[in-house]
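Letter by letter, the chains look like this.
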Amino acid sequence: MNYQEMMEYITHTDWKGSSLGLDRMKEIMKGLRNPQDKIHVIHVAGTNGKGSCCAMLHSILKEAGYKVGLFTSPHLIDYEERFIINDEKISHKDFIKVASKVKKVTESMKDQPTEFEILTAIGYEYFYEKKVDVAIMEVGLGGKVAALDEIHEQMEHMTTVDVKLLNERIKKIVNAGAEYLVLELTSHALAQYRDIGI
């Protein structure tokens, strides 16, 4: 698969939008042998400030001597901007290599994944292959049913939530976000802080 074919593979799913649910993500991760379970992860969720928070965490940990993966969205110029390790974005060669692995898994799926799910899978596989010390992942939409919620992270952070933007949907969003934090964080993340070594 060349670069153009890879871009067509990723972008052809854009029409599906943010179709919530974890089944597709579980299937992809299983096909990749669950790279998300083999690295340390920090999730960053919220309405405002996710990108800034991720950038600051990336900088702090990098300066402390760690090899740090950073997955954010959207990109400004090209998709490679979404996959960073210590300020270096993924190369065309590695992007094609990892995307080809993901494509091979998704080709046989009955329910095809969204663009964000594909990119998330690429991020986890890439960070696993490069043996990062920790991966900082910016969460998309969906809270407890977002693509990233399939991953057993070691730490979570939620930025501010914009109530004005949520309007009448506030209860649904807060319920999703609160469950995302309470269930995930208290069940295993707090107990694993010391395992990260930071």
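These lines cover the structure that appears in this document, whether it is placed above or below. Bear in mind the structure is a predicted one, so any value in this text is a computation, not a measurement.

1. Description of the environment of Lys110
Mapping Lys110 onto the fold places it in the loop between α4 (92-106) and α5 (115-129). Overall, the relative accessible area of 86% leaves Lys110 in the exposed class. Counting along the chain gives 86 residues from Lys110 to Arg24, while the straight-line C-alpha distance between them is 9.3 Å.

2. Remarks on the packing of aromatic side chains
Scanning all chains against the criterion turns up four aromatic pairs. Ring geometry for Phe71 versus Phe83: centroids 5.6 Å apart, planes at 40 degrees, classification tilted. Highlighted residues: Phe71 in strand β2 (residues 68-71) and Phe83 in strand β3 (residues 83-85), separated in sequence by twelve residues. Of the residues examined, Phe71 reaches a relative accessible area of 0% and is grouped as buried. Look at Phe83 and you get buried, because its relative accessible area is 0%. Here the aromatic rings of Tyr126 and Phe127 are separated by 5.7 Å at their centres, their planes lie at 45 degrees, and the arrangement is tilted. Each of the two residues, Tyr126 as well as Phe127, counts as buried.

The rules behind these values
- Residues numbered from 1 in each chain as written.
- Predicted model: local features only at pLDDT ≥ 70, side-chain atom pairs only at ≥ 80, totals over all residues.
- Heavy atoms only, no water.
- Helix = DSSP H or I, 4+ residues; strand = E, 2+ residues; numbered from the N terminus.
- Buried < 20%, exposed > 50% of the residue type's maximum accessible area, 1.4 Å probe, protein only.
- Phe/Tyr/Trp six-rings, centres within 6.5 Å; stacked < 30°, edge-to-face > 60°.

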